[in-house]
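Listed here are the chains, written in short residue letters.
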Amino acid sequence: MKKIRTQRKRLSRRTFVKQTGAVTGAAALFGTRAPAFAAGKHKLRYIAFINRNTVWGKPYDFLAQEVDRMSGGELEIEYAGGSDVIGGFDAPEAVANGVFDMSHSANAYFAGAMPSSISLASGSASVDALRESGAIDAYADILMKQRGVMLLGIPLTGVGYVFQVRGRPDSLAYFKGKKIRSIPLYDPILQALGATPVTTSPAEAYTAMERGVVDGLGWPDIGLLDFKFYEQAKYIMAPTFYSLRTVTLLNPNSYQRLPAPLQDILIKASHSADAIGNQWAKEKRAAEHAEMERHGVEIVSLSEAESKQFVDLTEEMLWSKIHELAPEDANRLRPLFKQAG
C-alpha cells in the first residue's frame, strides 16, 4: 500500500502538473497523423456531477471530441452518467475507488475530505497565471495526497459566482435572516452576512426555492437558466465573486493502464478541451443573461463601497475557513494564489 501511494504522488507532480501547458510527447511521436496502437481501443468511463443536459455536461463533449480527434479513435471517453447515476458529492470518492475512471466535479463537492479544495475558487487570476505561480501544482499535490485522485484539467473557467434571490438585494443587509441554498464554498460568506446556509444538491435547488425552504441560492454565473430559477427568484446581485474553476479528476490506476503515448494524448487533449471550455463559458454566460432578462430577471448592483466590501469579504471568509480546517494547506496555497494576482 505504501508503494502505491508513493507512486501516485510522483505521477501527479511529474505528469499532470510539471508538464501542464507544454505536453508535446504525442506531437513529437506522431506529428499530425492519427496514431495507431497495437493494443487496440482503450476506454475511460466518465461521470459528471450534474446531468448532461445542463451546462455542466458540456465539458464531457469537449474532452471526448478532443481525445477522439487526437487519438484517432484509439482512446474513448465513455459517458457513464451524471447525478442520475451517482450524486455529485459522491462522484469524487467513486473515482478515487475506481468505480469510474474520471469525473467532472465542482471543487467544493469534495471539501469534506479536502477542506482546501475550495481554494481553487479564490481570486480572479487566469489558470495560466495560477500555473505560473505554482498554485495549480500545489493544489494537485494536495488533491493526490488527500483524495487519491489526479487533477487532469480545469474544464470550465472564465466566470464568477452570484446570489440569485427572491427579494431585491439593494444592500448586503438583505441577507440577514434569510435562508440561502449553499455548498461549502458559500457557507462562510452567508454566515458572515447573517444568513443561514441550506445545503442541497443542484437537482434539489429548484424544489427548495419552490417550496419556500430557501429565499435564494448561490450558483456559478452560468447554468442558472438550465434550472429555470428565474421562475422563483427575479434578482441577481452584482458584483460576481470568486472564480468558477471546475476540475476533471482522474483515477491514477486508470491513467497508468494507458500506453504512454495515450497518456500524453489524454493530457494534451484535456488542455485543448479546457481552452475550448473557457471561451464557451464566457459566451454562454452572456447569452444566458440576455435570456434571463427577457424572463424578467434584474441584475441589482451594490454601491461601489459595498461592492468592494463584499468582494473583500468573500476572499477573507474563504481563506479563514481553510485556515480553520486545514492550516497547513492554507499556508502553502494562499501565497501562491495571491502571487497569481
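The following paragraphs examine the structure supplied in this document.

Here is what the cut-offs are and how they apply
- Residues numbered from 1 in each chain as written.
- Predicted model: local features only at pLDDT ≥ 70, side-chain atom pairs only at ≥ 80, totals over all residues.
- Heavy atoms only, no water.
- Phe/Tyr/Trp six-rings, centres within 6.5 Å; stacked < 30°, edge-to-face > 60°.
- Lys NZ or Arg CZ within 6 Å of the ring centre and 35° of its normal.
- Pairing = 2+ DSSP bridges.
- Helix = DSSP H or I, 4+ residues; strand = E, 2+ residues; numbered from the N terminus.
- Axes fitted to C-alpha atoms, helices over the stretch in contact; angles between N-to-C directions.
- Contact = heavy atoms within 4.5 Å.
- Core = buried A, V, L, I, M, F, W, Y, C linked by side-chain atoms within 4.5 Å.
- Buried < 20%, exposed > 50% of the residue type's maximum accessible area, 1.4 Å probe, protein only.

Side note on the packing of aromatic side chains
Part 1 of the argument: One pass over the full model with this rule turns up 22 aromatic pairs.
Part 2 of the argument: Among the aromatic residues, those joined into a cluster by ring pairs are Tyr161, Phe163, Tyr174, Phe175, Tyr186, Phe241, Tyr242 and Phe310.
Part 3 of the argument: Above the plane of the ring of Tyr79 lies Arg52, whose end atom (NZ or CZ) is 5.0 Å from the centre.
Part 4 of the argument: Across from the ring centre of Tyr174, 4.4 Å away, lies the NZ or CZ of Lys178, which sits over that ring.

Things to note about the sheet that holds strand E1 (residues 42-48)
Part 1 of the argument: Pairing is mixed across the open sheet formed by 5 strands, whose spatial order is E2-E1-E3-E10-E4. At either margin of the open sheet sits one strand with a lone partner, and together these are strand E2 (75-81) and strand E4 (150-153). Strand-to-strand twist across the sheet, computed as the mean angle between neighbouring axes with direction ignored, equals 35 degrees.
Part 2 of the argument: The pairing of E1 with E2 spans 6 bridges and is parallel. Its bridge partner lying in E2, Lys43 is registered against Glu76.
Part 3 of the argument: The sheet strands contacting helix H6 (residues 135-147) are E4 and strand E10 (247-250), and the helix crosses E4 at an angle near 135 degrees.
Part 4 of the argument: On the sheet, helix H10 (residues 260-294) packs against E1, E2, E4 and E10 and is oriented at approximately 55 degrees with respect to E4.

Let's talk about the nonpolar core
Part 1 of the argument: Grouped together as the largest cluster of nonpolar side chains are 111 residues, with contacts concentrated most on Trp56, Ile77, Phe163, Phe175, Leu185, Leu266 and Phe310.
Part 2 of the argument: Take this core: its biggest share by element is 9 residues, from H10.
Part 3 of the argument: Setting aside anything within four residues of it in sequence, one finds Phe175 in contact with Phe163, Val165, Ile180, Leu190, Leu193, Gly194, Ala195 and Met237.

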